[in-house]
Amino acid sequence: QDMMDIEVKPKPLQPHWYERHVQPCVAELLGTALFIFIGCLSVVEDSGGTGRLQPALAHGLALGVSVAILGDI
């Protein structure tokens with residue numbers, strides 16, 4: 001009688017190989033590409049009076065957008 005009252009918990013499923021290996025690499029690739037692309041554009045479009053502020057703000061905003069968009073991956 002006591003043996004029948006024991007609940008058997010199912011083992012948690014292992015994530016698919018795609019979720020373990022490919023998704024993190026794709027997220028890293030997209031985030032890095034966006035970060036570098038925005039940073040390079042901010043330096044190319046730099047007007048003379050902004051100095052270091054414009055590239056720093058562009059990199060910060062690009063990083064924030066990347067985390068917000070790709071954070072669920």
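For the structure itself, look to the data block above.
Not measured: the values here are computed from a predicted model.

(A) Region of the structure containing the overall build of the protein. Summing up its helical and strand segments, the protein has two helices and zero strands in all. Looking at the protein residue by residue over its 73 residues, the buried ones come to 12%. Working note: accessible area of the protein is about 6,500 Å², and carbon and sulfur atoms make up 67% of it.

(B) Region of interest: a nonpolar patch on the surface. A contiguous nonpolar patch, built from Leu 34, Val 65 and Ile 69 and spanning about 250 Å² of accessible area, is present on the exposed surface. Mapped onto the elements of the fold, Ile 69 is located in helix α2 (residues 53-70). Since its relative accessible area comes to 59%, Ile 69 is described here as exposed.

(C) Quick look at helix α1 (residues 17-44). For α1, built from 28 residues, the straight-helix expectation of 40 Å at 1.5 Å per residue is met to within 8% by its first-to-last C-alpha distance of 40 Å. For α1, every residue scored as buried is listed here: Ala 27, Gly 31, Gly 39 and Ser 42.

(D) The environment of Leu 34, seen in detail. With respect to the helices and strands, Leu 34 occurs in helix α1. Discounting residues that sit within four places of it in the chain, Leu 34 has contacts with Ala 62, Val 65 and Ser 66.

Conventions adopted
Residues numbered from 1 in each chain as written. Predicted model: local features only at pLDDT ≥ 70, side-chain atom pairs only at ≥ 80, totals over all residues. Heavy atoms only, no water. Helix = DSSP H or I, 4+ residues; strand = E, 2+ residues; numbered from the N terminus. Buried < 20%, exposed > 50% of the residue type's maximum accessible area, 1.4 Å probe, protein only. Areas by Shrake-Rupley, 256 points an atom, 1.4 Å probe, with all protein chains shown as cover. Patch = residues over 30% accessible without salt bridge, like charges linked within 9 Å, V, L, I, M, F, W, Y side chains within 5 Å. Salt bridge = Lys/Arg side-chain N within 4 Å of Asp/Glu carboxyl O. Expected span 1.5 Å × (residues − 1). Contact = heavy atoms within 4.5 Å.

By themselves, these observations are geometric and do not establish any function.
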